[in-house]
Amino acid sequence: MTFQHPADRGGRGRGRFERLAEAVSRFTSSPAFFLFCLALVAGVTAVHTAGLDLGWQLFAHGWMTAVTLLLVALLKNSELRAERAIQRKLDAIAAALLEQQEGKRGKAHADLEAAIRMEEET
């Protein structure tokens, strides 16, 4: 287990966690997940409205809490990957502009080309 930023872990490929986080991120932005959340909220509301036993209420709240916690972790992972990719792209653009202003084409242009679609790789 590593606590490094996802973009700093090295290598061109993504690990299992990154691939899983990306797949889950795509699912959580789908209409199917919205319907799941809507059903979950309706279930919690039904449990409270029906006045069911405290155990059922705790069970319903536990599910809501678990889904919320997982979504927060997923959101943070996606945010870090996008943030780092944007920063690296901005750095590459600035360096390429400086190279172009100086009238040469070198490493900065290659870095800029490598930065394209970076968030999909890290």
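Quick summary incoming for the structure in this document. (Residues numbered from 1 in each chain as written. Predicted model: local features only at pLDDT ≥ 70, side-chain atom pairs only at ≥ 80, totals over all residues. Heavy atoms only, no water.)

What to know about the packing of aromatic side chains
In the structure shown here, the tally under the stated rule is 4 aromatic pairs. On the numbers, 6.4 Å between centres and 75° between planes, the contact of F59 with W63 is edge-to-face. You can see F59 and its partner W63 sitting in helix α3 (residues 54-101), 4 residues apart, about one turn around the helix. An aromatic cluster is built from F27, F33 and F36, whose rings are joined through pairwise contacts. (Phe/Tyr/Trp six-rings, centres within 6.5 Å; stacked < 30°, edge-to-face > 60°. Helix = DSSP H or I, 4+ residues; strand = E, 2+ residues; numbered from the N terminus.)

A closer look at the environment of D111
As for its placement among the helices and strands, D111 is situated in helix α4 (residues 107-115). Residue D111 is classed as partly exposed on the basis of its relative accessible area, which comes to 34%. (Buried < 20%, exposed > 50% of the residue type's maximum accessible area, 1.4 Å probe, protein only.)

Thoughts on the pattern of salt bridges
Any two side chains of opposite charge can pair, so long as their charged atoms come close to each other. Taken as a whole, this structure holds 3 salt bridges when the rule is applied. The partner of K76 in a salt bridge is E79, with the nearest N and O atoms 3.6 Å apart. Of this pair, K76 and E79 both sit in helix α3, 3 residues apart, roughly one helical turn. Each of E22, R26 and R81 takes part in a single network of salt bridges with overlapping partners. (Salt bridge = Lys/Arg side-chain N within 4 Å of Asp/Glu carboxyl O.)

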